[in-house]
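Topology and contacts: notes
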Amino acid sequence: MTVELHEVCRAFGGVTALDRVTLSVATGEFVALLGPSGSGKTTLLRVLAGLEFVDSGNVMIGGRSMHGVPARERGVGFVFQHYALFRHMTVARNVAFGLEVRPRHHRPPPREIRARVQSLLEMMGIAELADRYPEQLSGGQRQRVALARALAIEPAVLLLDEPFGALDAKVRKSLRVWLRDLHDRMGLTSIFVTHDQAEAMAMADRVAVLRSGRIEQVDIPSKLYAEPASTFVQEFLGDLLGSN
């Protein structure tokens, strides 16, 4: 599923969050949005998800304009940094939630929902946790539950907002390898927000570097290393470049 933004602008109280952002993501591609805090990464992701509207410009998913299309009808899965799991629900119920709240004529039968939840938990390697509650899980386990919930609706596009930000370095490294493999196996189109340069370079097919609501450069990691398009990109990646 392709994702396209054309000249997208978004401001909050006179502060520009996105300034004429244009970006195309191919079907099956894994793109990282990289930049300092306040660069517009999360706003861009929320615009794609339908959680924020645009002031001008156009967003297209699968060749269809998203103008006026609510979040629940966009067919995207969204994974938040802090999981956003329902504490009063078991792991299985959390994963099933997106299917159970669909309108009746689009809702799978209960047996199909149970089978899909079981399959996803097995894919995530957490089938034995189905009856536990979020507070009984580790951070890494909660993140896998959040991913399973996002994938339960069978999205063609997966949006991830710093999903490993609350985890320690060892768990982050393990999960990012696992997530990239999951992306490839499922044939997803994934857009991943991070402020971690090494994480972006290790996981993404291409990296979009943002600054003050604008995209400074979009390239494959090796070209970002070799040919930074601006002084900002060079300096932002400087620590990483200097360590290689």
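Below you will find a few notes about this structure. These figures come from a predicted structure and were not determined experimentally. (Residues numbered from 1 in each chain as written. Predicted model: local features only at pLDDT ≥ 70, side-chain atom pairs only at ≥ 80, totals over all residues. Heavy atoms only, no water.)

**Some words on the sheet that holds strand 8 (residues 189-194)**
Under the convention used in this document: Two strands are said to pair when DSSP picks up at least two bridges between them. Strands here are runs of E lasting at least two residues and helices are runs of H or I lasting at least four, both read from the DSSP assignment and numbered beginning at the N terminus. Only the stretch in contact is used when a helix axis is fitted, and all axes are lines through C-alpha atoms; the angle between N-to-C directions ranges over 0 to 180 degrees.
Strand order in this open sheet of 6 strands is 6-7-8-3-9-10, and the pairing throughout is mixed. Looking at strand neighbours, the two that pair on one side only are strand 6 (76-79) and strand 10 (214-219), the edges of this open sheet. Direction aside, the axes of adjacent strands within the sheet are offset by 15° on average. Here 5 bridges tie strand 9 (residues 206-211) to strand 10, and the two strands are oriented antiparallel to one another.

**Things to note about the pairing of strand 8**
Condition: Remark: exposure states derive from per-residue accessible area (1.4 Å probe, protein chains only) relative to the maximum for the residue type, with buried under 20%, exposed over 50%, and partly exposed in between.
Most of strand 8 sits out of view: 6 of its 6 residues are buried. Neither face of strand 8 is exposed, since Thr189, Ile191 and Val193 on one face and Ser190, Phe192 and Thr194 on the opposite face are all buried. Of the pairings in the sheet, the one linking strand 3 (residues 30-34) to strand 8 comprises 5 bridges and is parallel in character. Residue pairing across strands places Val31 opposite Ile191, the latter belonging to strand 8. Bridging between strand 7 (residues 157-161) and strand 8 involves 5 bridges; their strand directions are parallel.

**As for unusual backbone geometry**
Positive phi values are uncommon outside glycine, yet Glu7 reaches one of about 55°. Here Glu7 is to be found in strand 1 (residues 3-12). Although it is not a glycine, Arg20 sits at a positive phi angle of roughly 55°. The residue Arg20 is located in strand 2 (residues 15-25) in this model.

**Describing the sheet that holds strand 4 (residues 56-61)**
Across a sheet, strands are paired by hydrogen bonds formed along the backbone, either parallel or antiparallel in direction. What the 4 strands build is an open sheet, ordered 2-1-4-5; its pairing is antiparallel. Every interior strand has two partners, whereas the edge strands, strand 2 and strand 5 (64-65), have only one. Judged from the 2 bridges that link them, strand 4 and strand 5 form a sheet pairing that is antiparallel. Bridging across to strand 5, Ile61 finds its partner in Arg64.

**Quick notes on the pairing of strand 1**
The pairing of strand 1 with strand 2 spans 7 bridges and is classified as antiparallel. Each residue of the ladder has a partner; that of Val3, found in strand 2, is Val25. Joining the antiparallel neighbours strand 1 and strand 2 is a turn of 2 residues, in which Gly13 adopts a positive phi near 55°. Here 5 bridges tie strand 1 to strand 4, and the two strands are oriented antiparallel to one another. Paired with Val3 across the strands is Ile61, a residue of strand 4.

**Topic: the packing of helix 4 (residues 139-152) against helix 5 (residues 169-186)**
This is how the line gets drawn: Working definition: roughly parallel below 35 degrees, roughly antiparallel above 145 degrees, roughly perpendicular at 65 to 115 degrees, and oblique for all remaining angles. Each crossing gets its hand from how the near helix is turned against the far one by less than a right angle, where anticlockwise is left-handed and clockwise is right-handed. Whether two residues are in contact is decided by their heavy atoms: any pair within 4.5 Å suffices.
Relative orientation of the contacting elements helix 4 and helix 5 amounts to 20°, with a least axis distance of 11 Å. Looking at the two axes, helix 4 sits roughly parallel to helix 5. You can see that helix 4 and helix 5 cross each other, and the crossing is right-handed. For the pair formed by helix 4 and helix 5, the contact residues are Gly140, Gln143, Arg144, Leu147 and Leu151 on the first element and Val171, Leu175, Trp178, Leu179, Leu182 and Met186 on the second.

**Some remarks on the packing of aromatic side chains**
As a reminder, the rule being used: Two aromatic rings, drawn from Phe, Tyr or Trp (for Trp, its six-membered ring), form a pair once their centres lie within 6.5 Å of each other, and the interplanar angle then sorts them: stacked below 30 degrees, edge-to-face above 60, tilted otherwise. For a Lys NZ or an Arg CZ to count as sitting over a ring, it must be within 6 Å of the ring centre and within 35 degrees of the ring normal.
Here the structure, examined in full by the defined rule, presents 4 aromatic pairs. Note on Phe86 and Phe97: the rings are 4.7 Å apart at their centroids and 55° apart in plane angle, and the pair reads as tilted. Taken together, the positions of Phe86 in the loop between strand 6 and helix 2 (91-100) and Phe97 in helix 2 put the pair 11 residues apart, joining distant regions of the chain. Of the residues examined, Phe86 reaches a relative accessible area of 28% and is grouped as partly exposed. Overall, the relative accessible area of 27% leaves Phe97 in the partly exposed class. Above the ring of Phe53, the side-chain terminus of Arg10 is found at 3.9 Å from the ring centroid.

**What to know about the layout of surface pockets**
Counted only if it meets this: Detection works on a 1 Å grid of protein atoms alone, calling trapped sets that fit a 1.4 Å probe cavities and calling open sets with protein on both sides within 12 Å along at least five of seven lines pockets, with lining residues defined by an atom within 4 Å of a point. Grid points are joined across faces, edges and corners, and a volume is the space filled by probe spheres set on the points. Put simply, Ala, Val, Leu, Ile, Met, Phe, Trp, Tyr, Cys and Pro go in the nonpolar bin, Asp, Glu, Lys and Arg in the charged bin, and everything else, Gly too, in the polar bin.
What the largest pocket holds in volume is close to 760 Å³. Looking at the largest pocket, it is lined by 22 residues, and the ones nearest its centre are Ala71, Arg72, Val76, Gly98 and Ile153. Elements that contribute at least two residues to the lining of the largest pocket include exactly strand 6, helix 2 and helix 4. Here the residues of the lining of the largest pocket sort into 14 nonpolar, 4 polar and 4 charged. Here the second largest pocket is characterised by a volume of approximately 210 Å³. By residue class, the composition of the lining of the second largest pocket is 7 nonpolar, 5 polar and 2 charged.

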